[in-house]
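Topology and contacts: notes
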Amino acid sequence: MKAEIITIGDEILIGQIVDTNSAWIGEQFNLNGIEIYQITSVHDDHDHIVEAIRNAEKNVDLVVITGGLGPTKDDITKHTLCEYFNTKLVFHQPTLDAIVKRFHKRGIDMNKLNRDQAMLPEACTILTNKLGTAPGMWFEKNDTIFVSMPGVPFEMKYLVEFELLPKLRETGRTKAIFHKTVLTQGVPESMLAERIADWEDALPAHIKLAYLPNPMLVRLRLSAMGNDVEKLKAEVEDEVKKLQQIIPESIFGYDNETLSEVTGRMLTRQGKKLAVAESCTGGYISHLITSVAGSSEYYNGSVTAYSNQIKESVLGVSKESLEKFGAVSEQVATEMVQGVKQVMNADYAIATTGIAGPTGGTEDKPVGTVWIAVSGPNKTLVKKYTFVGDHRERNIVRSSQTTLQILRRMVLEDGSK
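These numbers were taken from a predicted model, which means no experiment stands behind them. Every chain begins its residue count from 1, and numbering advances along the sequence as written. For this predicted model, a pLDDT threshold of at least 70 governs which residues receive local features, and a threshold of 80 or more governs which side-chain atom pairs are given and counted, while totals over whole chains, interfaces and linings are taken from all residues. Calculated side-chain values reflect all of the structure's heavy atoms, with hydrogen atoms and water omitted.

Looking now at the overall build of the protein. Segments assigned H or I by DSSP are reported as helices when at least four residues long, segments assigned E as strands when at least two residues long, and all are numbered from the N terminus. Within the protein, the secondary structure is distributed over 16 helices and 17 strands. By principal-axis analysis of the C-alpha atoms, the protein measures approximately 85 × 55 × 40 Å. Throughout, exposure labels follow a simple rule: accessible area from a 1.4 Å probe, protein chains only, divided by the maximum for the residue type, with under 20% read as buried, over 50% as exposed, and the rest as partly exposed. For the protein, the proportion of its 417 residues judged to be buried stands at 48%. Contacts between residues were defined by any pair of non-hydrogen atoms, one from each residue, lying within 4.5 Å. Look at the contacts in the protein between residues 6 or more apart in sequence, and 66% of them connect residues 24 or more apart.

See the structure below:
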């Protein structure tokens, strides 16, 4: 089944609000084997809406319309749909009863505009909206399904989950689909593709592979489509097991897992504690770690030491090292990681010191220069990285993710001994 999403509202086109509805609908449809053919945004204009619906009908099996169902004069979707489907508005008592009950519970008086929301197209099937006053509307024409829903996100989500998708499944026109994402790091996309080429070529025809790279990792998404989701899941899991044999050192997690989450589980299993000392990353690493529920099990704390005074007084960095080598140096990174490890009584510690930008760089230490130190029970690793570009936020993210990658490898190596 192919679908088009049509969002109605001037506020979207002028950038007053961001269209998050389409992204969410696309995700849910994808999980139910519905392919998004196109997403269209139109003005609160009769002719524009009609043109969009007419064009969509030519190309897809399902047209989903959001927005324009409020009680005010600029909400014209119902009247436009009546014209398009050659029908008229009729009174729907169950909708009015639901509106009255909703307003009574909130202690609000109704007016004519609210009552008018119980006037609905005669030719539609009503999709009950338990979270708002405007119901969804289901039409069928020329083997195409048209569904109109409110643009309010939580109302739209309720209707999709509890009304639209169950009704679509009843038509028998949806397929089962299963996704699994393998998270890899340390290997560029081109090299990764070369290493797994034979495995990729041998994938069954109904299982597709997508490469989803970003600067710090490559996600490999396997998507299988068929009729039996449990069978699809088993097939995909078998393929993942084969992949694990080919690139075991590159895979660090699956689906929506993060480096922080994966590393945290490893630390918890080993009963180890972690501490962090940050300069150029400004607390971002600590944020990533503490964003994981339960991180207090393994995370002792951090020191964000921007000034040299704090590096000296709290972390024990020597004044001589700062004066001779500078704050952005191997020596200072080493003393920072050792200092925070001792101060926080931790088994593992990480430290960063560098020049995030966009200013502050020199010929010897350009913007993007970062020293990263990671220390565990058995060894301490210290390495300089030079991230290209003077984009401050990007350099902070890259530094933080790289630091966590090194930490994960060290914890994994220690755990395997």
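From this point on, the discussion continues.
With that settled, consider helix α4 (residues 77-84). Residue pairs three or four apart in sequence face the same way in an α-helix, which turns once every 3.6 residues. With six of eight residues buried, α4 is to be regarded as a mostly interior element. Three or more residues of α4 are buried, namely T77, K78, T80, L81, C82 and Y84. Once α4 finishes, N86 follows within two positions and takes phi at roughly 55 degrees, a positive value.

Only the six-membered ring of Trp is used, alongside the rings of Phe and Tyr, when aromatic pairs are assigned; centres must lie within 6.5 Å, and planes under 30 degrees apart are stacked while those over 60 apart are edge-to-face, with the rest tilted. Considering all chains together, one arrives at six aromatic pairs under this definition. Taking 5.2 Å as the distance between ring centres and 80 degrees as the angle between the ring planes, the aromatic pair formed by Y84 and F85 counts as edge-to-face. For the residue pair Y84 and F85, the accessibility class agrees, reading buried in each case. Between Y385 and F387, the aromatic rings sit 6.0 Å apart at their centres with planes inclined by 5 degrees, giving stacked as the arrangement. The class for Y385 is buried, based on a relative accessible area of 19%. Given the relative accessible area of 11%, F387 is considered buried. Members of the aromatic cluster, joined through ring pairs, are Y84, F85, F139 and F146. Both a distance and an angle decide whether a charge sits over a ring: NZ of Lys or CZ of Arg must be within 6 Å of the ring centre and within 35 degrees of the ring normal. Here K141 stacks its cationic end above the ring of Y84, 4.3 Å away from the centre of that ring.

Between Lys or Arg on one side and Asp or Glu on the other, a salt bridge is scored when a side-chain nitrogen of the former is within 4 Å of a carboxyl oxygen of the latter. This structure, assessed with the given rule, holds eight salt bridges. A salt bridge links E239 to K242, with the nearest nitrogen and oxygen atoms 3.3 Å apart. Linking E239 with K242, this pair stays in helix α10 (residues 229-246), spanning three residues, or about one helical turn. Between E257 and R265 there is a salt bridge, with the nearest N and O atoms lying 2.7 Å from each other. The partly exposed category is assigned to R265, whose relative accessible area is 34%. Members of the salt-bridge network, linked through shared partners, are K180, E237 and D255.

Right, let's get into the sheet that holds strand β8 (residues 144-149). The strand order β2-β1-β3-β8-β7-β6 describes an open sheet built from six strands, whose pairing is mixed. Two strands close off the open sheet at either side, each with one partner strand: β2 (35-42) and β6 (125-127). Strand-to-strand twist across the sheet, computed as the mean angle between neighbouring axes with direction ignored, equals 20 degrees. Across five bridges, the pairing between strand β1 (residues 2-8) and strand β3 (residues 62-66) is parallel. Considered in β3, the bridge of A3 is made with L62. Here α4 sits on the sheet and contacts β1, β3, β7 (136-141) and β8; the angle it forms with β7, its principal contact strand, is near 20 degrees. Strand pairing requires that DSSP identify at least two bridges connecting the strands. Each axis is a line fitted through C-alpha atoms, taken for helices only over the stretch in contact, and angles between the N-to-C directions span 0 to 180 degrees.

Moving on, we come to the packing of helix α3 (residues 46-59) against α4. Interhelical geometry of α3 versus α4 gives an angle of 50 degrees and a closest axis separation of 10 Å. With respect to their mutual orientation, α3 and α4 come out oblique. Crossing handedness for the pair α3 and α4: right-handed. Contacts between α3 and α4 involve H46, I49, V50, I53, R54 and E57 from the former and T80, L81, E83 and Y84 from the latter. Roughly parallel here means an angle under 35 degrees, roughly antiparallel means over 145, roughly perpendicular means 65 to 115, and every remaining angle is called oblique. Each crossing gets its handedness from the near helix: less than a right angle anticlockwise from the far helix is left-handed, clockwise is right-handed.

Let us now look at unusual backbone geometry. The omega angle of the peptide bond from G357 to P358 is 0 degrees, so this bond is cis rather than trans. By the secondary structure assignment, P358 is in the loop between β15 (348-354) and β16 (369-375). Of note, the phi angle at D255 is positive, near 55 degrees, even though the residue is not glycine. For D255, the location among the structural elements is in the loop between β12 (251-254) and α11 (259-270). For N345, which is not glycine, the phi dihedral falls at a positive 55 degrees. Turning to its location among the elements, N345 is positioned in the loop between α15 (330-343) and β15.

A surface patch of like charges, here negative, comprises D10, D45, D47, E51, D74 and E83. Counting through the fold element by element, D45 comes out in the loop between β2 and α3. Its relative accessible area of 36% is what places D45 among the partly exposed residues. Residues enter a patch when their relative accessible area is above 30% and they make no salt bridge; the linking distance is 9 Å between like charges and 5 Å between nonpolar side chains (Val, Leu, Ile, Met, Phe, Trp, Tyr). Here, Shrake-Rupley sampling with a 1.4 Å probe gives the accessible areas, and only protein chains in the shown set may cover a residue. Neither His nor the chain ends is counted toward charge; the positive residues are Lys and Arg and the negative residues Asp and Glu. We put the charge of a Lys on NZ, of an Arg on CZ, of an Asp on CG and of a Glu on CD.

Another aspect to go through is the pairing of strand β14 (residues 299-304). Pairing of strand β13 (residues 274-278) with β14, which is carried by five bridges, proceeds in the parallel orientation. Following the sheet pairing, L274 is matched in β14 by Y299. Throughout, right-handed denotes a crossover for which the path from the first strand over the helix to the second runs clockwise when the strands point away from the viewer. You can see the chain leave β13, run along helix α12 (residues 284-290) and come back into β14, and the turn it takes is right-handed.

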